[in-house]
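As a plain string of letters, each chain reads:
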Amino acid sequence: MSSPTEVGLPQPRAGVIARSPARWRWFPPLWIAALAALYGWIAYAAEDRGLVNSMAHICVAVAVTGLAAWVLVGSGLTARWRRVIAVGPMLLLGAYYLQFLPIKVINDGDVGIVGWRWRWADPDRGLHVPATQASVSLPWRETPQDYPAFLGGRHWAEVEGVVLQTDWRTTPPKLLWKQPIGAGWSSFAVVGDYAVTQEQRGDQELVTCYEAATGRVAWTHGDPVRWDPRGSGSLGGVGPRATPTIHAGRVYAHGATGLLNCLDARTGKLLWRHDTLAEHNGENVMWGKSGSPLVVDDWIVVSVGAEGASLAAYDAVSGEQAWAAGDRQSSYATPVLAELAGERQIVVVNEGYVTGHRAADGAVLWEHLWPSSSNSSAATSQPVPLDGDRLLLTKGYGLGGEVIEIRRDGDDFTTETLWKSSAVLKTKMGSALVRDGFAYGLNDVMFQCVDLATGRPRWTKRRSPSFGHGQSLLVGDVILYLSEEGELVLLEATPAKYRELASLPALEGVTWNNPALAGRLLLVRNAEQAACFELPLADADEL
C-alpha cells in the first residue's frame with residue numbers, strides 16, 4: 001500500500017498535528033462544561049457572594065491548568081508547540097495570583113474585580129508628605145461633641161445628643177471639602193477642631209492631623225514603613241488599618257506592622273513608641289495589624305497577638321509596659337471594655353476565640369470558641385456587650401450571629417450560647433449597631449434588623465446600588481450608612497420595616513473606612529479620598 005507521501009496528499013504543517021488522539025478528543029469541551037456546571041450550581045446555591053466570586057477565580061485557574069495538561073499529553077501537538085501553548089498560560093496564571101504582573105487588580109469585599117491600575121501607579125506614591133510637626137502649638141480643646149477614637153470610643157458606632165434633619169432634598173448636606181488622602185483603612189478620630197487619621201504616602205506610614213472644617217494638614221508624624229500584603233492577595237491594599245485614639249491631649253496610633261506611637265496632639269511630637277510585635281516575638285497577621293488602641297484607666301491597651309502577649313497594656317504617660325497576657329493570635333478587631341458577670345473586663349476577638357481579660361491585670365478569665373483564621377475567614381467585627389451579662393458576636397464568611405452569656409461561679413467564668421444563627425448578621429467587614437433590643441447591620445450585602453432576644457430577623461433588605469461591605473453609624477433613631485461604593489445612605493432605625501430616608505454620593509472608589517461624626521461635621525474617607533460634610537440638624541440652633 002502506498003503512503004500518503006507517495007500519493008502526494010497534503011501533509012500537516014511542521015509542529016502541528018491535525019487531530020488529537022481519539023481518547024482525548026472530547027476532553028476540552030467536557031472539562032469546560034463540567035467547571036461551568038459546578039460554578040453555576042454554586043452561584044445558584046450559595047448565599048455568600050464572596051464565595052461565588054472566589055469560585056469563579058478557582059474555576060478559571062482549574063480550567064487553565066486542565067487545558068494546559070491536555071495540551072501536554074493529549075493534544076497531538078509536537079513537543080515544541082506543547083511547551084509554548086501550555087507553559088505560557090500557566091506562567092501568566094501564576095504571575096497573576098502571585099502578583100508579579102505589572103497590573104494591579106482592585107477588588108471589592110467579595111473578591112469581585114472592580115478596576116485595575118499599573119502596579120507602580122499607586123495613588124499614594126504621588127502624594128506630598130506634609131511637614132512633620134505643627135509650626136505652632138495647636139489650640140487643643142475637648143468638647144461634648146468629640147468622636148475621639150474608633151467607633152467614637154464606644155462599644156458600637158454611635159453618636160448621642162445629635163438629631164439629624166432627614167429631608168435631604170430640602171436641606172441637603174453641605175460639602176465643606178474633598179481631597180486626595182493616603183492609602184489605608186483608618187477612620188478619623190475627632191477632638192475639638194481637629195481630626196486625626198492614619199494613612200500611607202509613599203514609603204511613609206503617617207499619623208496626620210487635619211483641620212476638620214477645612215481639610216488643611218496641621219501636622220504629621222511619619223515612620224519609614226510601607227505595609228503591602230502583596231503575595232498574600234491584592235484585596236487588603238497597602239497602608240495602616242487602625243484608627244488613632246485621642247486621650248488627654250495625646251494621640252495613640254497603632255500601625256499596620258505593630259508600631260505603637262504616642263504623640264503630642266498639639267504638635268505631633270513623638271513622646272514614646274513601642275514596636276509591639278518585635279518586643280514580644282510576635283508574627284503579623286496576613287492583612288496587617290488593625291486593632292485600635294483602647295484606653296483603660298491610665299493604660300493604653302493594644303492587641304498584639306503573641307505568646308504571652310495576646311494583649312499588652314502601656315502607661316499612657318510614660319509608655320512603660322504595665323502588663324501583657326494571653327497567648328492567642330490577634331484577629332482584626334479592637335478590644336472593648338465592659339463589665340460582665342460582675343467583673344470589669346477587656347473583651348477581644350482573637351483568631352479562633354473570643355477572650356475575656358481581667359481589666360486590672362490582663363489575666364484571662366474565659367474563652368469562647370469563635371472560628372476564624374487571619375486569611376481565609378478573617379474576624380473583623382466588634383464584640384458588642386449587652387445587658388444581662390450578654391455579648392453579641394457577629395462575623396461574615398457564613399458564620400453569622402451569636403449571643404452568649406458570661407456566667408460566674410466564684411472565680412470561675414463560663415460562657416453559654418443563648419442563640420446562634422448563620423442566617424443573620426454575617427458582618428464581613430463591619431460591626432453591628434444596637435438600639436432598644438434590636439441589632440442592625442449587614443447580612444453579607446443585605447441590611448438587616450434582628451431581635452436580640454431570639455436571633456430572628458425582623459426585616460432584611462437588598463438594595464441597588466448595593467450596600468456592599470460598608471460601615472454604619474447610629475445617630476439617635478437614624479442610621480448613617482456609608483456603602484462600599486462610597487454612597488451615604490440615611491436609614492430609620494426601627495424594627496417595624498426597612499425605611500430609607502435619603503442618600504447622596506460621598507466618595508469614589510472602594511470604601512471600607514468607618515465614618516466619624518462630631519456635632520454637625522461628618523468625616524468620611526477611603527484609601528484615596530477624604531471628605532467632610534456639614535449635616536443639617538433638626539434644630540438649627542444645636543451645636
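Residues take numbers from 1 onward in each chain, read along the sequence in its written order. The predicted origin of the model limits local features to residues at a pLDDT of at least 70 and limits the giving and counting of side-chain atom pairs to 80 or more, whereas totals for whole chains, interfaces and linings rest on all residues. Note: side-chain values were computed over all heavy atoms of the structure, leaving out hydrogens and water.

Quick look at the pattern of salt bridges now. Proximity of charged atoms lets side chains of opposite charge pair with each other. Should a side-chain nitrogen of Lys or Arg be within 4 Å of a carboxyl oxygen of Asp or Glu, the pair is scored as a salt bridge. Under the definition given, this model contains 26 salt bridges. Of the charged contacts, one joins Arg-117 and Glu-528 as a salt bridge, the two residues approaching to 3.2 Å between their closest N and O atoms. Here Arg-117 is found in strand 2 (residues 113–118), whereas its partner Glu-528 is found in the loop between strand 34 (521–525) and strand 35 (529–534), with 411 residues between them in sequence. Throughout this description, buried means an accessible area under 20% of the type-specific maximum (1.4 Å probe, protein chains only), exposed means over 50%, and partly exposed covers the range between. Residue classification places Arg-117 among the partly exposed residues on the basis of a relative accessible area of 21%. Here the residues in one salt-bridge network are Arg-117, Asp-122, Asp-124, Arg-226 and Glu-528, joined through shared partners. Helix and strand assignments follow DSSP, with helices taken as H or I runs no shorter than four residues and strands as E runs no shorter than two, numbered in order from the N terminus.

Moving on to unusual backbone geometry. Negative phi values dominate among residues other than glycine, just as trans dominates among peptide bonds. For the bond from Ser-464 to Pro-465, the omega torsion is 0°, close enough to zero to count as cis. Along the chain, the position of Pro-465 falls in the loop between strand 28 (457–461) and strand 29 (471–475).

Right, let's talk about the packing of aromatic side chains for a bit. The description of an aromatic ring pair rests on the distance of the ring centres and on the angle between the ring planes. Pairing of aromatic rings covers Phe, Tyr and Trp, the last through its six-membered ring, and needs centres within 6.5 Å; plane angles under 30 degrees mean stacked, over 60 mean edge-to-face, and all others mean tilted. Within this structure, the stated rule accounts for 16 aromatic pairs. Pairing Phe-188 with Tyr-210 gives two aromatic rings, centres 6.2 Å apart and planes at 75°, and the pair type is edge-to-face. With Phe-188 in the loop between strand 4 (174–180) and strand 5 (189–191) and Tyr-210 in strand 7 (residues 204–211), this pair connects stretches of sequence that are 22 residues apart. Grouping residues by exposure puts Phe-188 and Tyr-210 together as buried. Ring geometry for Phe-447 against Tyr-481: centres 5.6 Å apart, planes inclined by 75°, an arrangement best described as edge-to-face. You can see Phe-447 sitting in strand 27 (residues 446–451) and its partner Tyr-481 sitting in strand 30 (residues 478–482), a full 34 residues away along the chain. Put simply, the rings of Tyr-440, Phe-447, Trp-459, Phe-467, Tyr-481 and Tyr-498 touch in pairs and so form one group of aromatic residues. Counting as a charge over the ring demands two things of the Lys NZ or Arg CZ atom: a distance within 6 Å of the ring centre and an angle within 35 degrees of the ring normal. Its end group placed over the ring of Tyr-353, Arg-328 keeps NZ or CZ at 3.8 Å from the ring centre.

Turning our eyes to something else, we now look at the nonpolar core. Note that soluble globular proteins tend to have their nonpolar side chains buried in a common cluster. Leu-392 and Leu-480 are the most contacted members of the largest nonpolar core, which totals 67 residues. A total of 5 residues in this core trace back to one element, the largest contributor, which is strand 30. Ala-333, Leu-340, Val-349 and Ile-404 belong to the second-largest nonpolar core, a separate cluster that totals 18 residues. Each nonpolar core is a collection of buried residues, namely Ala, Val, Leu, Ile, Met, Phe, Trp, Tyr and Cys, held together in the definition by side-chain atoms within 4.5 Å.

This paragraph deals with the pairing of strand 29. Within strand 29, 5 of the 5 residues are buried, leaving the element largely enclosed by the surrounding structure. Alternating residues of strand 29 divide into Gln-471, Leu-473 and Val-475 and Ser-472 and Leu-474, and every residue in both groups is buried. Only strands joined by at least two bridges in the DSSP assignment are considered to pair. One ladder, built from 2 bridges, connects strand 3 (residues 158–159) with strand 29; its direction is parallel. Bridge pairing in strand 29 places Glu-158 opposite Leu-474. Judged from the 5 bridges that link them, strand 29 and strand 30 form a sheet pairing that is antiparallel.

This part covers the sheet that holds strand 29. Here we have 5 strands laid out as an open sheet, ordered 3-29-30-31-32, and mixed in their pairing. Each having just a single partner strand, strand 3 and strand 32 (500–505) make up the two edges of the open sheet.

With a 1 Å grid laid over protein atoms only, a set of points is called a cavity when a 1.4 Å probe fits there but cannot get out and a pocket when it is open yet has protein on both sides within 12 Å along at least five of seven lines; lining residues have an atom within 4 Å of a point. Grid points are joined across faces, edges and corners, and a volume is the space filled by probe spheres set on the points. Under the defined criterion, the tally for this structure stands at 2 cavities of 30 Å³ or more. Each pocket or cavity is described by its volume, and for the largest cavity that value is around 50 Å³. Around the largest cavity sit Gln-198, Glu-205, Leu-206, Val-207, His-221, Asp-223, Ala-253, His-254, Gly-255, Leu-259 and Asn-261, which together line it. Only strand 7, strand 8 (217–223), strand 10 (250–254) and strand 11 (259–264) provide two or more residues apiece to the lining of the largest cavity. At 3 residues, strand 7 tops the list of elements feeding residues into the lining of the largest cavity. The computed volume of the second largest cavity comes to approximately 40 Å³. Forming the boundary of the second largest cavity are Thr-427, Gly-430, Ser-431, Gly-441, Leu-442, Gly-470, Gln-471 and Ser-472. Every element with two or more residues in the lining of the second largest cavity is listed here: strand 26 (438–443) and strand 29. Its residues placed into classes, the lining of the second largest cavity shows 1 nonpolar, 7 polar and no charged. Residues are grouped as follows: Ala, Val, Leu, Ile, Met, Phe, Trp, Tyr, Cys and Pro are nonpolar; Asp, Glu, Lys and Arg are charged; all remaining types, including Gly, are polar.

Our next topic: the sheet that holds strand 17 (residues 336–340). To summarise the sheet geometry, strands pair through backbone hydrogen bonds and adopt either a parallel or an antiparallel arrangement. The 4 strands are arranged 17-18-19-20 in an open sheet whose pairing can be described as antiparallel. Because the sheet does not close on itself, it has two edges, and the strands there are strand 17 and strand 20 (364–370). Neighbour-to-neighbour, the strand axes of this sheet turn through a mean angle of 30°, independent of strand direction. Between the N-to-C directions of two axes lies an angle of 0 to 180 degrees, each axis being a line fitted to C-alpha atoms and, for a helix, fitted only over the stretch in contact.

What follows concerns the environment of Ser-186. Counting through the fold element by element, Ser-186 comes out in the loop between strand 4 and strand 5. Distance in space between the C-alpha atoms of Ser-186 and Val-349 is 19 Å, their sequence separation being 163 residues. Of the polar contacts made by the side chain of Ser-186, one reaches the backbone oxygen of Gln-198; its length is 3.4 Å. The term polar contact refers here to a pair of N or O atoms within 3.5 Å; inside protein, the definition further demands a hydrogen-donor-capable atom paired with an acceptor-capable atom, and it admits residues adjacent in sequence only when both atoms are side-chain atoms.

Let us look at the side chain of His-469. Take His-469: it is sitting in the loop between strand 28 and strand 29. Take His-469: its relative accessible area is 1%, and that puts it in the buried class. Here a residue-residue contact requires only that any non-hydrogen atoms of the pair lie within 4.5 Å. Dropping the residues within four chain positions of it, His-469 is found in contact with Gly-109, Asp-110, Lys-428, Met-429, Leu-442, Asp-444, Val-445, Tyr-481, Glu-484, Thr-511 and Trp-512.

This next bit is on a nonpolar patch on the surface. Each patch is built from residues lacking any salt bridge and having more than 30% relative accessible area; the joining distance is 9 Å for like charges and 5 Å for nonpolar side chains (Val, Leu, Ile, Met, Phe, Trp, Tyr). Surface exposure here means Shrake-Rupley accessible area, sampled with a 1.4 Å probe, where a residue is shielded only by the protein chains that are shown. Together, Ile-103, Trp-116, Trp-118 and Trp-120 give the surface a local cluster of nonpolar side chains, amounting to about 490 Å² of exposed area. With respect to the helices, strands and loops of the structure, Ile-103 is situated in strand 1 (residues 103–107).

A regular strand places its side chains so that they alternate between the two faces of the sheet. For strand 35, the buried fraction is high: 5 of the 6 residues fall into the buried class. Both strand 4 and strand 35 contribute to a ladder of 6 bridges, which runs antiparallel. From the neighbouring strand, Trp-177 faces strand 35, where its bridge partner is Cys-532. As consecutive antiparallel partners, strand 34 and strand 35 are separated by 3 residues.

So, on to the layout of surface pockets. Size it by volume and the second largest pocket reaches roughly 450 Å³. Surrounding the second largest pocket, 28 residues form its lining, Ile-106, Arg-117, Trp-185, Val-510 and Glu-528 being those nearest its centre. Where the lining of the second largest pocket is concerned, the elements lending two or more residues are strand 1 and strand 2. Among the elements that make up the lining of the second largest pocket, the one with the highest residue count is strand 1 (4 residues). Of the residues that constitute the lining of the second largest pocket, the class distribution is 11 nonpolar, 7 polar and 10 charged.

None of the figures reported here should be taken as evidence of function without further support.
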